[in-house]
Amino acid sequence: MTLKTTLAALLLSASALAAQDTTTGMQKLMILDPQGTRHLEGFLWYPAETTDTVPAHGNVVWEPINVAPDAPALRGVFPLVVFSHGMFGNARNQAWLAEQLVAQGYAVAAIDHPGTSTFNRDADHQRALWNRPLDISRLIDHLTDDPRIDAQHIYMAGHSLGGFTAVALAGGQFNPDGFDAFCNRMPDDLVCGIFDRWNVAKTPKDRIAMAQDLSDDRIRAFAVFDLGGTQTFSADSLGAIDSPMLVYGAPVDLEGLNLDVESRALVAALPAAITTYLEPESLAHFDFLGVCTESSLAILKEEEPDDVFVCQNGREARRAEHVQIANEVAAFFASH
């Protein structure tokens, strides 16, 4: 099937799924760790009955979405999409996607990953990066008994470091020796530098923990948004993945990720029969974050000048990209 034909099929499926006048219900999540060291906080969004909503997940930089907190869900069960945020992001970053997927009949859940979130940058949690995929498996454990959730139809999406998390859950296995060799050849690689600062896989015990099989076969299909970390996985493990993979590459360079090392390399290593690759020419790494407010650029220039790039072309162009991405993701999941 050609890329053009694939896109047409995805968008046709998305149109068939679209719901009318769906309200986004929202419930806060708290998943306690029995060991007391890695509690998970986040949100569940779902199709709700009420039409009474309030703005949420916004601020002076990011536009909010409209939600109905703790509203009764529509009757029936919903396929579930779990989401993993990028480095130092949080569960709110893809609320825009949650809102649009809910409108097409999905429930969506996301949590803050301890150590690599906006709110928790603890060095020990950063080092223990194998816990990121385990966080998502814990999230699924927490939700599979929820009567609103169709436990037979669970999907995952991840952005940036969340894309690395998604690939690990699909069956990609960290290759300590191979990654060391790669970083010796390319010491300026972005991921090599980050993992080195975080002391990832620096001890024999940590290397074993990072290289373990972290896959979760409850997840039927994956969407990977401009990931970082392809070079950390063994080629054999990527070639053995059998879950459908929708991979996005962002060619507008705002982050320093090398597509030839990351998204394009991932697609080359995955089995062609299960892989769909999209690389829209105007797409940038941070277009997977929310829509920026009218005052965002001025505020960032004044208060966080090093972060201005996250809102470049971050309003109407990004809003249009979001509609396209949400339709493609919903249709891809619906076909699996």
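Since the structure is predicted, the reported quantities are computational estimates derived from the model, not experimental observations.

## A closer look at the pairing of strand β4 (residues 65-69)
Link 1 in the chain: Across two bridges, strand β1 (residues 23-31) lies against β4 in parallel orientation. Note that in β4 the partner of G25 across the bridge is A68.
Link 2 in the chain: Relative to β4, strand β3 (residues 54-56) runs antiparallel, the two being bridged by three bridges. The residue of β4 that forms the bridge with P55 is N66.

## Thoughts on the sheet that holds strand β10 (residues 275-278)
Link 1 in the chain: Strand order in the open sheet formed by ten strands is β3-β4-β1-β2-β6-β5-β7-β8-β9-β10, with mixed pairing between adjacent strands. The open sheet terminates on both sides in strands that have one partner only, identified here as β3 and β10. Strand-to-strand twist in this sheet, taken as the mean axis angle between neighbours without regard to direction, amounts to 30°.
Link 2 in the chain: As paired strands, strand β5 (residues 78-84) and strand β6 (residues 107-111) are joined by four bridges and run parallel to one another.

## Let's talk about the side chain of R38
Link 1 in the chain: Its place among the elements puts R38 in the loop between β1 and β2 (40-48).
Link 2 in the chain: Judged by its relative accessible area of 6%, R38 is buried.
Link 3 in the chain: Side chain to side chain, R38 and D135 meet in a polar contact 2.8 Å long.
Link 4 in the chain: Leave out the neighbours within four places in its chain, and R38 touches I31, D33, H113, P114, H125, N131, R132, D135 and R138.

## As for unusual backbone geometry
Link 1 in the chain: For N199, which is not a glycine, the phi torsion comes out positive at approximately 60°.
Link 2 in the chain: Tracing the chain through its elements places N199 in the loop between α7 (190-197) and α8 (204-211).
Link 3 in the chain: Classification of N199 by relative accessible area gives partly exposed; the value is 39%.
Link 4 in the chain: Its identity is not glycine, yet D226 carries a phi of approximately 45°, on the positive side.
Link 5 in the chain: Tracing the chain through its elements places D226 in the loop between β8 (219-225) and α9 (235-239).

## Here we look at the state of the cysteines
Link 1 in the chain: Scanning all chains against the criterion turns up two disulfides.
Link 2 in the chain: The residue that forms a disulfide with C183 is C192, at a sulfur-sulfur distance of 2.1 Å. The chirality of the disulfide connecting C183 with C192 is left-handed, given an S-S dihedral of about -90°. Judged on exposure class, the residue C183 and its partner C192 are both buried.
Link 3 in the chain: With its sulfur 2.1 Å from that of its partner, C292 forms a disulfide with C311. As the torsion about the S-S bond is roughly -90°, the C292-C311 disulfide counts as left-handed. Here C292, found in the loop between β10 and α11 (296-303), pairs with C311, found in the loop between α11 and α12 (316-334); they are 19 residues apart in sequence, far enough to count as distant. Each member of the pair, C292 together with C311, is buried.
Link 4 in the chain: For the protein chain, the bonded cysteines pair up as 1-2, 3-4 when numbered in the order they occur along the sequence.

Reading the values: the criteria
Residues numbered from 1 in each chain as written. Predicted model: local features only at pLDDT ≥ 70, side-chain atom pairs only at ≥ 80, totals over all residues. Heavy atoms only, no water. Pairing = 2+ DSSP bridges. Helix = DSSP H or I, 4+ residues; strand = E, 2+ residues; numbered from the N terminus. Axes fitted to C-alpha atoms, helices over the stretch in contact; angles between N-to-C directions. Buried < 20%, exposed > 50% of the residue type's maximum accessible area, 1.4 Å probe, protein only. Polar contact = N/O pair within 3.5 Å; in protein donor to acceptor, adjacent residues only side chain to side chain. Contact = heavy atoms within 4.5 Å. Disulfide = S-S within 2.5 Å.

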